[in-house]
Every structure is written in structure tokens, then in C-alpha cells.
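Residue-level structure breakdown
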Amino acid sequence: MLRIIRNFCTMKPPVNPALLHDVDVATKKATFGMGCFWSNDSLFGAKSGVIRTRVGYSGGTSKNPTYRSIGDHTEVIELDYDPKTIKFEDLLEMFWENHEYGLTTKLKRQYQSMILYHDEEQKAAAEASYTVMKERCKEPLRTEIAPAGVFYPAEDYHQKYRLQGHKDLCISLGLDSSKLQTSHLAARLNGYLVGVGGRSQFEQEVQSLGLSEKQAEYVRRELERNEGGGLAC
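Notes on the structure follow. (Residues numbered from 1 in each chain as written. Predicted model: local features only at pLDDT ≥ 70, side-chain atom pairs only at ≥ 80, totals over all residues. Heavy atoms only, no water.)

Before going further, it helps to examine the packing of aromatic side chains. In total, this model carries eight aromatic pairs according to the counting rule given. The interplanar angle of 40° and the centroid separation of 6.0 Å between the aromatic rings of F37 and Y57 together place this pair among those described as tilted. Linking F37 in helix α1 (residues 37–45) with Y57 in strand β2 (residues 50–58), this pair joins segments that are 20 residues apart in sequence. For the pair shown, F37 and Y57 are each scored as buried. Residues Y192 and F202 carry aromatic rings whose centres are separated by 5.1 Å and whose planes lie at 75° to one another, so their mutual orientation is edge-to-face. Here Y192 is found in helix α7 (residues 184–192), whereas its partner F202 is found in helix α8 (residues 199–209), with ten residues between them in sequence. Here Y192 and F202 have matching classes, each one buried. A connected cluster of aromatic rings, assembled from ring pairs, spans F32, F44, F88, F95, W96 and Y130. (Phe/Tyr/Trp six-rings, centres within 6.5 Å; stacked < 30°, edge-to-face > 60°. Helix = DSSP H or I, 4+ residues; strand = E, 2+ residues; numbered from the N terminus. Buried < 20%, exposed > 50% of the residue type's maximum accessible area, 1.4 Å probe, protein only.)

Listed below in C-alpha cells is the structure:
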């Protein structure tokens, strides 16, 4: 994660007031450490039932960690998801199947494989899935399961990192540093632009996202160009 893109999304009024930045549904939180958090932000952002995503640091005891001084924390993604649309067990399946590294390999704490649970139901589901995964793997799992503690949002340039690579689109969507962590639309596009989610799913929800035809066509081109290309940081 050596190359840093600092092209922040400029704060300007959105072209279309119907852009779906806010979704008013009851949500639950899920927090995972799966290696580099850029890829996970795209992966989960395009998953149906996931409402918002943000990346940051958690799992440790150090106060106010930063990317350059992370202390004993881990890079994690925190999700707000609609439990009526997607189950925590479905998110766990994505967790186990999409580690970039670190599932069975010992790495530094920054990239620890980690499930931080928010209630006893999540704890039980995480432990049950760990048992199943342990039986499948030939090597010992390195995954840590622990209660969720303080979540420290990562710096602005880490939030929706892939989306921020499309500066003009960000400006046209009226994204600022706050919306990069709270916007449903930003979460979706951060996945679609790198080929996650698929053309069929995008077409099913493109009207509800409030994109103009020009914006939608731009996303389609990028989705098709990048689909199947992988999410390695």
C-alpha cells in the first residue's frame, strides 16, 4: 500500500438531487480485518444489503491510531448492513472466501485476519464459522475473534480509495470527505467501478441510485473493463 492517491473529492453541489447518498433503514454493524482494507471496501460496498462502508483501525489499545502510526490496531472495514436483506452469516462467508492474505499466514498486526463482533449472536455465528473453516483448512487459521471496540476512521484518502481515482465523477456526485464514509451511492460505485457486483445487478438498481445517463454510462464502461480483474491492493 505504498502508492497514495490524494485526489480528494471536491465539495460541490450534486448535479442530481435524487442521488442516493442516504438510505433510511434500520442497520446492524459488522467489522472485519482481511488484509489491505481498500479491496474490502470495494468488495462489500457492491454487496446487496450493505448500506454503508468505511475503513479504519480497530482491534487494539493504542489511542488515535493513524496509518503511519497504527500501534497495535488492525486495518478493518466497518459495515452498516440491512439484516432483513442480508444475514451476518452471508457476510462471514464473504470474509472467509476473500482474504487477500493472512488467513493462514502469520503477518504483522496491521493485516491481522479478524472478526470483531457487535453482539452475542454475531459472536456465536463467528465461532461456528471458524470451526467449519478450521476443518476445511490444511493449515492453522490465524483469524482472531474478539468483541468490537473503538473504531477509528482511516484518513480521507483511504475512504472509497478506488472511487477517488475517478475525480471528475466524484465532483459530479457532490461527494465530500463525510459522504465518502456515509454515502450508500459511494459504497456501491466504489465496487462497481472496479468490476465488483456485475452488470446485471448494476442495471437492476441504476435508476434507484439516481445517476444521470452520462454518469451511468461511465460506470458501465469501467465495470465491464474491470470485471474479473481482481482486487489486489
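This brings us to the packing of α8 against helix α9 (residues 213–226). One can describe the packing of α8 onto α9 by two numbers: an axis separation of 11 Å at closest approach and a directional angle of 165°. Overall, the two elements α8 and α9 adopt an arrangement that is roughly antiparallel. Between α8 and α9 lies a crossing of right-handed hand. Counted together, R199, F202, E203 and V206 of α8 and A216, V219, R220, L223 and E224 of α9 form the full contact between these two elements. (Axes fitted to C-alpha atoms, helices over the stretch in contact; angles between N-to-C directions. Parallel < 35°, antiparallel > 145°, perpendicular 65-115°, else oblique. Left-handed = near helix turned anticlockwise from the far one by under 90°. Contact = heavy atoms within 4.5 Å.)

Here we come to the pattern of salt bridges. Counting across every chain of the model gives 15 salt bridges. A salt bridge links D41 to K160, with the nearest nitrogen and oxygen atoms 3.9 Å apart. Here D41, found in helix α1, pairs with K160, found in the loop between β6 (152–153) and α4 (161–164); they are 119 residues apart in sequence, far enough to count as distant. The two residues D41 and K160 agree in class, both being buried. One salt bridge connects E205 with R188, and the closest N-O pair in it is separated by 3.0 Å. In this pair, E205 sits in helix α8 while R188 sits in helix α7, placing the two residues 17 residues apart along the sequence. The class of E205 is buried, set by a relative accessible area of 14%. Salt bridges sharing partners connect three or more residues here, namely R199, E203, E213, E217, R220 and E224. (Salt bridge = Lys/Arg side-chain N within 4 Å of Asp/Glu carboxyl O.)

Right, let's get into the sheet that holds strand β3 (residues 74–81). On the basis of which strands lie adjacent, the open sheet formed by six strands has the order β5-β4-β1-β3-β2-β6 and mixed pairing. Lying at the two open borders of the sheet, with one neighbouring strand each, are β5 (144–147) and β6. Of the pairings in the sheet, the one linking β2 to β3 comprises eight bridges and is antiparallel in character. What sits directly across from R52, in β3, is D80. Running over the sheet, α1 touches β1 (28–34), β2 and β3 and is turned about 165° from β2. Lying on the sheet, helix α3 (residues 120–136) is in contact with β1, β3, β4 (113–117) and β5; it crosses β4 at an angle near 150°. (Pairing = 2+ DSSP bridges.)

By the bridge criterion, four bridges tie β4 to β5 in an arrangement that is parallel. Along β5, the bridge assignment pairs M114 with E144. Note that the unit made of β4, α3 and β5 has a crossover that is right-handed. (Right-handed = clockwise from strand over helix to strand, strands pointing away.)

Function cannot be inferred from these measures alone, as they are strictly geometric.
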